Amino acid sequence: MTSPEPNRWTSHRADAVVARKENYEQLRRLSTWRLLAATKAPAVLAILQSVFPAGDRRLPRSELVARVGTHLALLHDEEQEPSTSSTSRIGRSAAEYVDGWVREGYLTRRDDPAQTETTFEPSPATIDAIQFIASLEEHRPTTTQSRLQLVVQQFDRLAQETETDRDVRLADLQRRRERIEQEIRDLAEGELMLPSTEASLDRLRDVLQIAADLSGDFLQYREDLRAVDLHLREQILSPEGSRGEVLEQLLAGDDLLGQSSVGRTFTAFFRMLNDPVQTRTAQELVDRLLSRDFARALSRDERARLANVFSDLYEPAQEVLDVKTELYRSLARFVRSQDFRQHRVSIRSRGSHRILLLGTADRADGGQ
């Protein structure tokens, strides 16, 4: 029996599979994948969730080590992780586990000058891993009618707002007005249609899940801003490329961090979060939802998350803004300082700027 002759479709599909496999090989090196694949993943994830409960997003080293120490038996009962070095041993101390988790990327270390002690928090990779496990644990499908409605509504709104044909836009507005007027007539005649309790709960829980996903995004914002800062330093220290243009913009006071893709996205989010009118309106909507009959079916935790859905965003958002501001100031100081000229001389003499650059970024960020 002869094998079928390959055609363009099968060749294209084979290339796509190879490309996807290579992409997954890259992703497997990331901390999220390595954490989920680790032998001790169940114990590590359970402990990290326990030592960082709601409200304790960051802990000083002594407190973190003490909390991990109460769960050492779980770690010692597990087999040794393949990813640890050959010199590691079963029965490590809590401090050794904490240091190892930092190296593996499960924890993020922050050396804040305002704090007397180094603090730690779950890394974006750990947040992603916990959320993934939670989705398996809850067994709640994401393909709900509620989420499909959210998608359609956003498509509809975007299509209306970007419509350039005035006649089409007017026709859309007239149809919306007719629907609203019909709802007013129905309500005036005593007809009050409400969605079912189950449908209302689905929609509310979907929105709460979207809000919960933001917790990991804040950590990622900080990492992405630091990556942009590092890239800008590489550009201004490079003898080639766009060094002159970047230097000119920085010396002119341009906020290149804020103008980056991640900077623009966060700035828009932060501006909306701090808009007093929108904040007041949003909180009023939350209060109205909490008073609805269907909200009684929410768990205590869900009611608390709903009540604080906006207030819980302020502190981590402000921290991202603080990081962005400090990085901007540090970069501005660097290009105006004698250190910049010294680094340029060192680069030309040594032929490498990567190590010097990393050292500069570490000092500028306080080792964060």
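Cut-offs used in this document
Residues numbered from 1 in each chain as written. Predicted model: local features only at pLDDT ≥ 70, side-chain atom pairs only at ≥ 80, totals over all residues. Heavy atoms only, no water. Helix = DSSP H or I, 4+ residues; strand = E, 2+ residues; numbered from the N terminus. Buried < 20%, exposed > 50% of the residue type's maximum accessible area, 1.4 Å probe, protein only. Contact = heavy atoms within 4.5 Å. Areas by Shrake-Rupley, 256 points an atom, 1.4 Å probe, with all protein chains shown as cover. Salt bridge = Lys/Arg side-chain N within 4 Å of Asp/Glu carboxyl O. Patch = residues over 30% accessible without salt bridge, like charges linked within 9 Å, V, L, I, M, F, W, Y side chains within 5 Å. Axes fitted to C-alpha atoms, helices over the stretch in contact; angles between N-to-C directions. Parallel < 35°, antiparallel > 145°, perpendicular 65-115°, else oblique. Left-handed = near helix turned anticlockwise from the far one by under 90°. Pairing = 2+ DSSP bridges. 1 Å grid on protein atoms, 1.4 Å probe; cavity = no way out; pocket = protein on both sides within 12 Å on 5 of 7 lines; lining within 4 Å. Points joined across faces, edges and corners; volume = space filled by probe spheres on them. Nonpolar A, V, L, I, M, F, W, Y, C, P; charged D, E, K, R; others polar.

How would you explain the overall build of the protein chain if you had to name every residue and give the values?
Counting its regular elements, the protein chain contains 18 helices and three strands. The 368 residues of the protein chain split such that 31% are buried. Summarising the internal contacts of the protein chain: among those between residues at least 6 apart in sequence, 70% fall at separations of at least 24. In the structure as shown, the protein chain presents an accessible area of about 23,900 Å², 53% of it carried by carbon and sulfur atoms.

Could you give an account of the pattern of salt bridges, naming the residues involved and the relevant values?
Under the definition given, this model contains 18 salt bridges. Of the charged contacts in the structure, one is a salt bridge between E223 and R226, with a shortest N-O distance of 3.7 Å. Taken together, the positions of E223 and R226, both in helix α10 (residues 197–237) and three residues apart, correspond to about one turn of that helix. On the basis of relative accessibility, which here comes to 12%, the residue R226 falls in the buried class. Measuring nitrogen to oxygen at the nearest pair gives 3.0 Å for the salt bridge that ties D229 to R233. In this pair, D229 and R233 both sit in helix α10, four residues apart, roughly one turn of the helix. Salt bridges here are not isolated pairs; linked through shared partners, they connect R58, E121, R222 and E319.

Mind laying out a nonpolar patch on the surface, listing which residues take part and the relevant values?
Taken together, Y24, L27, L30 and W33 make up a surface patch of nonpolar side chains, about 370 Å² in accessible area. For L30, the location among the structural elements is in the loop between α1 (8–27) and α2 (31–37).

Pulling in residues and values, what's your account of the packing of helix α13 (residues 261–273) against helix α16 (residues 311–336)?
At a minimum axis distance of 11 Å, the contact between α13 and α16 shows a crossing angle of 135 degrees. With respect to their mutual orientation, α13 and α16 come out oblique. In this structure, α13 meets α16 at a crossing whose hand is left-handed. Where α13 approaches α16, its residues F266, T267, F269, F270 and L273 are matched on the opposing element by L313, Y314, A317, Q318, V320, L321 and K324.

Break down the side chain of T126 for me, citing the residues and quoting the values.
Tracing the backbone through its elements, the reader meets T126 in helix α7 (residues 124–138). We classify T126 as buried; its relative accessible area is 0%. For T126, the residues in contact, after removing those within four places along its chain, are L35, L48 and Y106.

Any chance you could break down the sheet that holds strand β1 (residues 59–60) for me, citing the residues and the numbers?
Within the open sheet, the three strands sit side by side as β1-β3-β2. Their pairing is antiparallel. Across the chains shown, the open sheet's two edge strands, defined by having one partner strand only, are β1 and β2 (107–110).

I'd like a description of empty space enclosed by the protein, backed by residues and values.
In this structure the tally under the stated criterion is one cavity of 30 Å³ or more. Space inside the largest cavity adds up to approximately 30 Å³. For the lining of the largest cavity, the secondary structure elements donating two or more residues are α12 (256–259) and α16. Of the residues belonging to the lining of the largest cavity, the class tally is six nonpolar, no polar and one charged.

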